[in-house]
Amino acid sequence: MTEKLRILAVGAHPADVPKRAGGTLIKYAAAGHEVYMATLTYGETKESQLLWKQPGMTVEKAKPIRKREFLQASKFMGVKPLCFDYGDHPNLVVDDERADELAETIRRIRPHIILTHWILTLYDDHREAGKAVCMKAIPKAADQAALKGSKYEPWQVRDVYLFEPAIGLMDETRFIPDLYIDITAFYKKKMRALEFFWRSQTDVSEYYAGVARYCGLQARVKYAERFVRFRPKRVFDFFPLSP
């Protein structure tokens, strides 16, 4: 791959992207591509189980702790962090104003590829994030008539890939992966990146290690991450050939 790409990965909470696509982002960054990782909330209520066991914990105290973890993980992974403080209590909501902000961010960064949540997942915040990115922000970023007063020209994202929900919810959410990324060389760094988050939430590293091994087994490599391509291109002059 000779073209330098810009990648944007968007999660509902700070650890969402590192857990599900961290190896892929690290791999792209190591190859010299420009990689951004965004969180739409600080996971201050839903992804901070250990913090809320501390006496006197509040949302105002939790947010900067979670933000610091996200920034530390981003730096370790070699990606550029983006923080949107949209709040996760009782649920993440991406209204039109917030969708406009995300669309403006897409125009500013001009990513060739966007990664985000599977839009049929059962988890409300993840579903809201995925739908907001795919159904609102991306179309607005490309629409000449949208975002009046925008500082940037419209931008058409080339490809969008959705990362998987939790194992055990594959059938219920109709997630059928059609693309795997071999992360074998970057697996250890991904798992180390997750360690930044275990101070605030339950350590589920064994689970994500198992996911990487299972995906690798499916892809016939040691470790992998899997995705579904959102609205793949289906019309060609001739059959496309694999590289």
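Structure: above.
For every chain, the first residue of its written sequence is number 1, and the numbers climb from 1 along that sequence. Where local features are concerned, this predicted model is filtered to residues with pLDDT of at least 70; where side-chain atom pairs are given and counted, the filter is 80 or more; whole-chain, interface and lining totals use all residues. Side-chain numbers come from the whole structure's heavy atoms, not from hydrogens or water.

(A) Examining the overall build of the protein chain more closely. Each helix and strand counted, the protein chain has 7 helices and 7 strands in total. The quantity called the radius of gyration is restricted to C-alpha atoms. Its globule counterpart is 2.2 Å times the number of residues to the power 0.38. Relative to the 2.2 N^0.38 estimate, which gives 18 Å for 243 residues, the radius of gyration of the protein chain is 18 Å and therefore close to what a compact globule would have. In terms of principal-axis extent, the alpha carbons of the protein chain reach across some 65 × 50 × 35 Å. Burial classes: relative accessible area under 20% of the type maximum marks a residue as buried, over 50% as exposed, and values in between as partly exposed (1.4 Å probe, protein chains only). The buried share of the protein chain, taken over its 243 residues, is 49%. Contacts spanning at least 24 positions in sequence make up 77% of the contacts within the protein chain whose residues lie at least 6 apart. Total accessible area on the protein chain stands at roughly 12,500 Å², and carbon and sulfur atoms take up 54% of it. The helix and strand labels rest on DSSP assignments: H or I over at least four residues marks a helix, E over at least two residues marks a strand, and numbering proceeds from the N terminus. Here, two residues are considered to be in contact whenever any of their heavy atoms come within 4.5 Å of each other. For the accessible areas, the method is Shrake-Rupley and the probe is 1.4 Å, while residue cover comes only from the protein chains on display.

(B) Spatial organisation of the sheet that holds strand β6 (residues 179–182). The 7 strands lie next to each other as β3-β2-β1-β4-β5-β7-β6, forming an open sheet whose pairing is mixed. Two strands close off the open sheet at either side, each with one partner strand: β3 (80–83) and β6. Ignoring strand direction, the axes of neighbouring strands in this sheet form an average angle of 30°. Summarising the sheet, strand β5 (residues 159–163) and strand β7 (residues 224–229) pair through 3 bridges and their orientation is antiparallel. Pairing of L162 across the sheet is with V228, part of β7. Convention adopted: a line fitted to C-alpha atoms gives each axis, helices being fitted over their contacting stretch, and angles between N-to-C directions are expressed from 0 to 180 degrees. Packed on one face of the sheet, helix α4 (residues 124–142) meets β1 (6–11), β4 (113–117) and β5 and runs near 145° to β4. Here, a strand pair is defined by DSSP locating no fewer than two bridges between the strands.

(C) Local environment of the environment of L179. Mapped onto the elements of the fold, L179 is located in strand β6. With 100 residues separating them in the primary sequence, L179 and V79 have C-alpha atoms 22 Å apart. Excluding its chain neighbours within four sequence positions, the residues that come into contact with L179 are Y161, E225, R226 and F227.

(D) Structural detail: the pattern of salt bridges. Only one rule defines a salt bridge in this text: a Lys or Arg side-chain nitrogen within 4 Å of an Asp or Glu carboxyl oxygen. Within the structure shown, the criterion is met by 12 salt bridges. Across the salt bridge formed by E47 and R66, the nearest N and O atoms sit 2.8 Å from each other. Linking E47 in the loop between β2 (34–39) and α2 (59–77) with R66 in helix α2, this pair joins segments that are 19 residues apart in sequence. Since its relative accessible area comes to 5%, E47 is described here as buried. You can call R66 buried: its relative accessible area is 0%. Each of the salt bridges in this network shares a partner with another, and the network as a whole consists of E47, R66 and E69.

(E) Here's a closer look at helix α3 (residues 96–109). Here α3 is 14 residues long and its end C-alpha atoms lie 20 Å apart, about the 20 Å a rise of 1.5 Å per residue gives. Positive phi shows up at R110, right after α3, with a value of about 60°. By this rule, a helix spans an expected 1.5 Å times one less than how many residues it contains.

(F) Fine view of the environment of T184. Position of T184 relative to the elements: it lies in the loop between β6 and α6 (187–194). Distance in space between the C-alpha atoms of T184 and E225 is 9.7 Å, their sequence separation being 41 residues. Other than its neighbours up to four places away in sequence, T184 contacts V221, K222 and Y223.

(G) Structural detail: α4. With 19 residues, α4 should reach 27 Å at 1.5 Å per residue; the first-to-last C-alpha distance of 26 Å fits that figure. The largest bend along α4 measures about 35° and falls at V133. Every buried residue of α4 is accounted for by D125, H126, A129, G130, A132, V133, C134, A137, I138 and A141. Each element contacted by the buried residues of α4 is listed here: β1, α1 (16–30), α3, β4 and β5. In this analysis the local bend is the angle between axes fitted, respectively, to the seven residues ending at and the seven residues starting at the residue.

(H) Quick look at the packing of α2 against α6. At their nearest, the axes of α2 and α6 sit 9 Å apart, and the two run at 165° to each other. As the angle between them shows, α2 and α6 are arranged roughly antiparallel. Considering the relative orientation of α2 and α6, their crossing is right-handed. For the pair α2 and α6, contact is made by A73, F76 and M77 and by K189, R192 and A193, respectively. Three categories are distinguished: nonpolar for Ala, Val, Leu, Ile, Met, Phe, Trp, Tyr, Cys and Pro, charged for Asp, Glu, Lys and Arg, and polar for the others, with Gly belonging to the last. Along the lines of polarity and charge, the residues of the contact of α2 with α6 split into 4 nonpolar, no polar and 2 charged. Roughly parallel means an angle under 35 degrees; roughly antiparallel, over 145; roughly perpendicular, 65 to 115; everything else is oblique. Whether a crossing is left-handed or right-handed is set by the direction in which the near helix is turned from the far one by less than a right angle, anticlockwise for left-handed and clockwise for right-handed.

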